Every structure is written in structure tokens, then in C-alpha cells.
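Remarks on the overall topology
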Amino acid sequence: MQIKRGIAVSPGVAIGPAMVLGTENFRIPLRFVSASGIDFELNRFHAALDAVCEEISVNEKLARERLGDQYAAIFSAHLMLVRDPQLVEQVETRIRDKQSPEYAVSQVLGQYAKRLQNLGGQYLAERSDDIVDLEKRMLRHLLGERREELSHLTEPVLVLAHNLSPSETTKLDRKFVLGFATEVGGHTSHTAILAGAMEIPAVVGIGKFLTDVSGSETIIIDGSKGVVIIDPDEDTLVRYRDSEERYRSHARRLGSLSKLPCETQDGVPISILGNIEFPEEAEPCKEKGAAGIGLYRTEFLYLESNREPTEEDHYQAYCQVLKAFPNQPVVIRTLDLGSDKMPGALRAKYPESVNPALSIRSIRLSLQHLQLFKTQLRAALRAAEFGDLRIMFPLISTLLEFRQAKMVLSDVVEDLEEQGIPFRRDVPIGMMVEVPSAAIMAEEFAREVSFFSLGTNDLIQYTLAVDRADQAVANLYRSGDPSILRMIRNVVNAAKRNNISVSVCGQMSSDPVFLPLLIGMGIRQFSVTPHAIPELKEVIRNLTIEKAEKIAARAETLEVARDVENYLGGELKRLCPDLMQLD
Amino acid sequence: MSDAVIHRRTVTVINDQGLHFRPCQLIALAAQQHPGTVVLRRGTTQADAKSLLELLTLAAERGTDLELEATGPEANVVVDKVCELFSNGFHVPPSS
């Protein structure tokens, strides 16, 4: 039994056989896990060899017809490489040793390629490239099939991978993928967020661990604690089976909360809104009991296709969300991409920055590309006719920046007016408070904006100078750090004095541990990952404002993050013993 | 018993390009006809002569001496064939 720790991103417990996807550019599983075993994998290997031979034969024929025998000869050499007895023998030996054909092929050919490379000379270096090319062809065939397998699963598995892209995550078949765990990634990675939305137990950022998994071992993924257990012993298995069952009944009980009002024991209403990225999420988010959308991330419009989204693309997406929430707030955050993730058209203009978090991103990008920005604002103002749409600018760091963004909005209003296009004029304009400079200057900002939304993810990253996705420092990322509480306090006070609303939309607000504190500090509105809504509602319904204020007052006197978090954890346990029963 | 019989001969690369793709291919094709083992050695580096991949790793240029070794029934036949390839500089009629 081995225990691996990572970051808990999607709660729940899953138990089942491992399916390992590999670590390189190609996702190469190290070991195979299918019950059908060695013969099955040998057959896959030979089928891939045949397929590659077929490809090369076609190329050989084409070359012969078009270029002559001389050029065809190179392909016949390649054919011989594919049928090389050493290659076949070494790969077969490795497969008999339970290595996956993908891994075996890439190891064997990789070693030959490296040997040729090391011998020096251009000729052999080029032959080394030929071998690398052959390796790629083989992997394409082997993995093409494997990818299919992932979407055509017939029995439940836990997917273990170096990384899963957001699109791979959304394509996971929830019926058979019971949970997943990845080596990289952090709390705020899109993959983590999607896992939460899909309610698949998941742990990310474990660090290197795939090499420790072999055979068709049983794996436990504890998405609540961020633990992955490889080959658990009988006791552990029994314990987790039990908690898997408890988790299920807990989920059922929380589900029944969705119809009850979201208010404290002393009758103070708290609004919990949802964070979404795709318009398709709006409807399920409503089912979870969301009182609106507090953060609609519009980035997927830019990343999904290679072309820039048109005004109509934006408009349709916004209307779809408003349709699910016709009478409730829907807060649209304008483009929040950066130099690490750039919309297609701008990729060439901005080579990847050394320090993307401090570079051209978010509102800075919008203000440098007014056409891009105006397209989005036009669509938002037009869609606002159909509901309570609000616009929010991300990453505002100075007053000037906010004023510039508002000026662009005024231009758009004028344009729409001149063109006689229907739109709503009195759309509330707010900002994310996620840069320390903005939190410090909250008083001045509060005079000019309609609402604040505390983006704790970036606020913490910038305040503590920690990238949460970076394994080396992830443990320094602490939501409970007193500096963060002080920032929040400053923003809340400024909002109160200027009579504007303030909500929290970062991951911190989805964590029940921090909820009593934030309510005690005076926050009455939250925007959270939809799956967290029922749990947060349960906490709220067990809380009084007086109690929350006491908790906040005490927490704000503590000096280090650990003490704050321990204290809040203890208070939550007292408030909602059922909630913690899951641990 | 026949496995125990080892046929060994030294061959020299005389063609300009050395053991490039085409010569390696020809050697491997010849060696693959033989049921026993066929090995080419350059110093301490040894290559399975049936394997194009391994032959390439000999990186044998013009003038290199290699030791050819075959075992199994009629190992002398395959040794003769491979020697001939080396001695005529891998010039074979394209029909083969």
C-alpha cells in the first residue's frame, strides 16, 4: 500500500482499478491494466506494426510512381525497420513483463535513437530522426486506439495521468470514470474546476507517482482529502468503502437542501451564486440552488476555436445563460486571458512571457486590443435586455485602468445608440478585486464602481507571491493568511461605507471552512463552484450572524495562517458535525 | 550440435558511404535468411546482423574492420554471402 498526497479539487471517494495514461507528449501508459492481459497487448502491438507497414507501403508506392525506384528505396528501409527482429523481440519481452506496448515501443526505439544520436555525424543523426519518426507512428496507432478506449469504456476505472486537458476532462464518461488523479495541476486549474462541476472525485498536483503504479492495481481516490492510495490493504479498503457509502448518503441529504431558503438561523438571507465557464453549466447550476451567476468566465469562447469569437458568438452564449436565470443576476467577466493562454489571433504578437502572471493579461490585454474588447462589450450590452446582466472587469490594478475600461464602454454605448441597436443602458459595472493595489485602494475604487467581487485566487497569489500550481511552493499558498484577511476587511469596509455590494468569487468562498469568517466580516454574497452550493447552504443554515461575527473577530486577531485555519476548522466542526463526518 | 560450430571472418568496409541504410539493409536481408545467429562486431560493440537498427549503431565507415560471426547449420553459407556484400562494396543488381 502506498499513499500519495496531492491537492483535493473535487470531493468524494472513488475506489476501482487504475487506468494509467502516460507522461510524455504522447500519453504513454507505463503498464497495462486490462484484464485480458498479455496476449491482448501483444496483439495490439502487432496490429500497430501492421498498420505502420501499411502506411509506409502506401508511401513507398506513391514515391515509386512519382519519383522513381531510387526514392522508394528509403521507404523499403523504413519497412525493414518496422519489421526489425530486435525491435519486435525486445518489445515483446517487455510486454510479457507487463509493460504497455506504448511504453515498450517508446523505450526500445528511444534507446536506439539515442545511441545513434550519440555516435555523432549527421548521417546517423538523421537516421536517429527516422527512428523517432517511426516511434511516433507506432504511438499514434497504439494510442489512437487507447484514446478510443477512454471514450468507450465498458467497466469502471480511475484515470491516472500526468495531466488532463480541460477538453479531455469534459469528455470523460462519468458513468465509467469514477475519479481521476494527475501529477500536475492546482486548485485553480481548469481541469480541477471542471472535475468539481462534473462531480468526479479528483486529486491533482500529486507530483511524480505514475511510475509507482503497475498492473491492474486497486486505487482509492479521496477527493475530499487529496489523497490517492495505491494497492490499499484490507483495513483501508473497508474504511473507504464505508466512507464512499457515507459520502453518497451525505450527497443525497445535501441534495434535499436545494429547495430550502438560504439564510442564517436568525433569518438573514445570504446569496449564493454560481461560477461557470460554459453556458451549458447554467442550467445544472440552477438545479444546485444557485441564486444567479456571480462569475461567468468567458474565456472558453476564445479558447474553444482558433478564430476570434464574433459578437454573435458572445451574444448567443450570454443569452443562453440569461435564459436559465431570467430574473437573477448574471455577472459577466470580460476576457481574462494572459500570455500563457492567448486567444488565437494574438498568439503570434505576444510570445510566451517569462512571467505571465505579471505580464499582458486580462483587462490589460482588452485595453490594448479595443476591437476585441468592444466586440464583447457590445454583445453584453445587447444581451442585457433579457435579464439582470452585469459586467465585471478583471485584474483592475489602478483607478486609471478602470476609468479607461469604462470609457471604452461609453464608446460602445454611443456606437449602439447611433446604429439604433437595442441594448440596456443601466448595466451595473463592477470590478474584480484581485490585485493587492486594488484592495489597498478599495475606498477610492468604491466611489466609482457598482460592485466589488473579491477574486481570492489571484489576490492570494499576488499578496503572498505564490503560484499555487507550482509544486515547490504550493504549500505557501494559504487562504487563511492574516494579510489576506486584512485585505478582505479593507475591501468590505470600503464597500460598506460607499454602499456598494461586495461578493467573494474565488475558490476560498467555496470552502466551507472560510464561510463563517467571511459572513462574520460582513459579506452576504458569494459566488462558488456549483457543486459546493448545497454544502455551503448547510453551513449557513447552522449559523447565526452573531456567531459568525464572533468567529471573524477572533480569527482576525491570529497571527499566522496555520492558526487561523485550525481555528476555523474547529469552529466548523462544532457548527456542522455532519459535514466533517466525511473525514 | 551444429549450433556449436562458429564461423568467423573479418570483413572490411570498402564502399565510400560506409554502413549506411542500404548496406545495412542488404546485410540484414542476407542474415535473416539464416536460421542461426549472425553477429557483426566492431571492437566491443556487437550488432545482431539481422537487425537494421543494430547494424546502424556500428557506425562503420569506410576502412573499418568488422568481425563477422555466424552459428547454426550451414553458417558458412551466410558468412560467404555477407562477405561478398562487403567485398563488392554492396553493389548488387537492383532486381534483388
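Note on numbering: residues in each chain are counted from 1, in written sequence order. Each chain takes a letter, starting from A, and each ligand takes a number, starting from 1, following the order in which they are written. For a predicted model such as this one, the threshold for reporting local features is a pLDDT of at least 70, and the threshold for listing and counting side-chain atom pairs is 80 or more; totals across whole chains, interfaces and linings nevertheless cover every residue.

1. Structural notes on the overall build of chain A
Broken down by element type, chain A carries 23 helices and 16 strands. For chain A, with 583 residues in total, the buried portion stands at 46%. Pairs at least 24 apart in sequence give 68% of the contacts found in chain A among residues at least 6 apart. Labels follow the DSSP assignment, with helices taken as runs of H or I lasting at least four residues and strands as runs of E lasting at least two, numbered in each case from the N terminus. Put simply, a residue is buried when 20 or more other C-beta atoms lie within 10 Å of its own C-beta and exposed when 12 or fewer do; between those, it is partly exposed, and each C-beta is set from the backbone. What counts as a contact is two residues whose backbone-derived C-beta atoms lie within 7 Å of each other.

2. Notes on the interface of chain B and chain A
With 15 residues of chain B at the interface, the matching set in chain A holds 16 residues. For the side of chain B that touches chain A, the secondary-structure elements that each account for two or more residues are helix 1 (21-32) and helix 2 (52-56) of chain B. In the side of chain B that touches chain A, the residues fall into seven nonpolar, four polar and four charged. Lys, Arg, Asp and Glu make up the charged group, whereas Ala, Val, Leu, Ile, Met, Phe, Trp, Tyr, Cys and Pro make up the nonpolar group; the residues left over, Gly among them, are polar.

3. Things to note about the sheet that holds strand 4 (residues 65-71) of chain B
Sheet strands pair via backbone hydrogen bonds, and the direction of the pair is either parallel or antiparallel. Residues and elements named next belong to chain B. Taking strand neighbours across the sheet as the criterion, the four strands line up as 1-4-2-3 in an open arrangement whose pairing is antiparallel. Here the strands that pair on one side only, and so sit at the sheet edges, are strand 1 (6-12) and strand 3 (45-48). When the angles between neighbouring strand axes are averaged without regard to direction, this sheet yields 25°. When strand 1 meets strand 4, the two strands line up antiparallel, connected through seven bridges. Bridged to V11 within strand 4 is L66. Axis definition: a line fitted to C-alpha atoms, over the contacting stretch in the case of helices. Angles run 0 to 180 degrees between N-to-C directions. Relative to strand 1, helix 3 (residues 75-87) is tilted by about 0°, and along the sheet it contacts strand 1, strand 2 (38-42) and strand 4. Only when DSSP finds a minimum of two bridges between them are two strands counted as paired.

4. Here's the deal with the nonpolar core
All names here are of chain A. What makes a nonpolar core is a set of buried Ala, Val, Leu, Ile, Met, Phe, Trp, Tyr and Cys residues, with links drawn between C-beta atoms within 7 Å. Formed by 98 residues in total, the largest nonpolar core has its most connected members in I293, V321, A380, M431, V433 and V491. Tallying contributions element by element places helix 18 (residues 482-497) first for this core, with eight residues. Dropping the residues within four chain positions of it, V433 is found in contact with A438, A439, A442, F452, S453, L454, G455, L459 and V491. Of all hydrophobic cores here, the second largest spans 91 residues; its members include I15, V108, A202 and V228.

5. Brief notes about the pairing of strand 7 (residues 218-222) of chain A
Residues and elements named next belong to chain A. Here strand 7 lies mainly inside the structure; four of its five residues are buried. Bridge analysis of strand 3 (residues 13-20) against strand 7 gives five bridges, and the strand direction is antiparallel. Residue pairing for strand 7: P17 is matched across the bridge by T218. Pairing of strand 7 with strand 8 (residues 227-230) involves four bridges; the strand directions are antiparallel. Note on strand 8: the bridge partner recorded for I221 is V228. Here strand 7 folds back onto strand 8, and the loop between the two strands holds four residues, one of which, G226, carries a positive phi near 75°.

6. A short note on unusual backbone geometry
Note: most peptide bonds trans; most residues except glycine with negative phi. Here the phi dihedral of D231 of chain A falls at roughly 50°; this positive angle occurs in a residue that is not glycine. Here D231 of chain A falls in the partly exposed class, since 17 other C-beta atoms lie within 10 Å of it. Even without being glycine, E74 of chain B reaches a positive phi, approximately 55°. Note that E74 of chain B resides in the loop between strand 4 and helix 3.

7. Some points on the environment of V433 of chain A
Residue and element names in this part refer to chain A. Relative to the elements of secondary structure, V433 occurs in strand 13 (residues 429-433). When the 33 C-beta atoms within 10 Å are taken as the criterion, V433 is described as buried. Distance from V433 to P394, taken between C-alpha atoms, is 7.7 Å for residues 39 residues apart in sequence.

8. Brief notes about the sheet that holds strand 3 of chain A
Residue and element names in this part refer to chain A. Strand order in the open sheet made by the eight strands is 1-8-7-3-4-5-6-2, with mixed pairing throughout. Because the sheet does not close on itself, it has two edges, and the strands there are strand 1 (2-5) and strand 2 (7-10). Here the strands of the sheet are splayed against their neighbours by 30° on average, with no regard to which way each runs. On top of the sheet, helix 8 (residues 234-255) reaches strand 3, strand 7 and strand 8; it is set at about 115° to strand 3, its chief contact.

9. Description of helix 3 (residues 85-96) of chain A
What a helix is expected to span follows from its residue count: subtract one and scale by 1.5 Å. Look at helix 3 of chain A: 16 Å from first C-alpha to last across twelve residues, which is about the 16 Å you get at 1.5 Å a residue. Within the sequence span of helix 3 of chain A, burial applies to L87, Q90, V91 and I95 of chain A. The arc that holds every buried residue of helix 3 of chain A, seen down its axis, measures 135°, which confines them to one face. Structural note: helix 3 of chain A exposes T93 and R96 of chain A on the side pointing more than 90 degrees away from its buried face. Contacts from the buried residues of helix 3 of chain A go to helix 1 (37-67) and helix 4 (101-119) of chain A together with helix 2 of chain B. For this quantity, the arc is that covered by the directions from the helix axis to the C-beta atoms.

10. A look at the packing of helix 1 of chain A against helix 3 of chain A
Residues and elements named next belong to chain A. In the contact formed by helix 1 and helix 3, the axes pass within 9 Å of each other and the chain directions differ by 150°. By the angle class used here, helix 1 and helix 3 are roughly antiparallel. The way helix 1 lies across helix 3 gives a crossing that is right-handed. Contact residues: I38, E41, L42 and F45 in helix 1; V91, E92, I95 and R96 in helix 3. Along the lines of polarity and charge, the residues of the contact of helix 1 with helix 3 split into five nonpolar, no polar and three charged. Oblique is the label for every angle not falling under 35 degrees (roughly parallel), over 145 degrees (roughly antiparallel), or within 65 to 115 degrees (roughly perpendicular). Note on convention: the crossing is left-handed when the near helix lies turned anticlockwise from the far helix by less than a right angle, right-handed when the turn is clockwise.

11. Describing the confidence of the model for chain B
As a per-residue quantity, pLDDT reports the predictor's confidence and falls between 0 and 100. Taken as a whole, chain B shows an average pLDDT of 86; of its residues, 91% reach a score of 70 or greater. For this predicted complex, the interface confidence score (ipTM) comes to 0.87, while the overall pTM stands at 0.60.

12. Some details on the packing of helix 17 (residues 456-464) of chain A against helix 18 of chain A
All names here are of chain A. Two elements in contact, helix 17 and helix 18, have axes whose closest approach is 10 Å; the angle formed by their N-to-C orientations is 125°. Taken together, helix 17 and helix 18 sit at an angle that is classed as oblique. Two packed elements cross with a definite hand, and for helix 17 against helix 18 that hand is right-handed. Contacts from L459, I460 and T463 of helix 17 reach helix 18 at S483, I484 and M487. For the contact of helix 17 with helix 18, the per-class residue count stands at four nonpolar, two polar and no charged.

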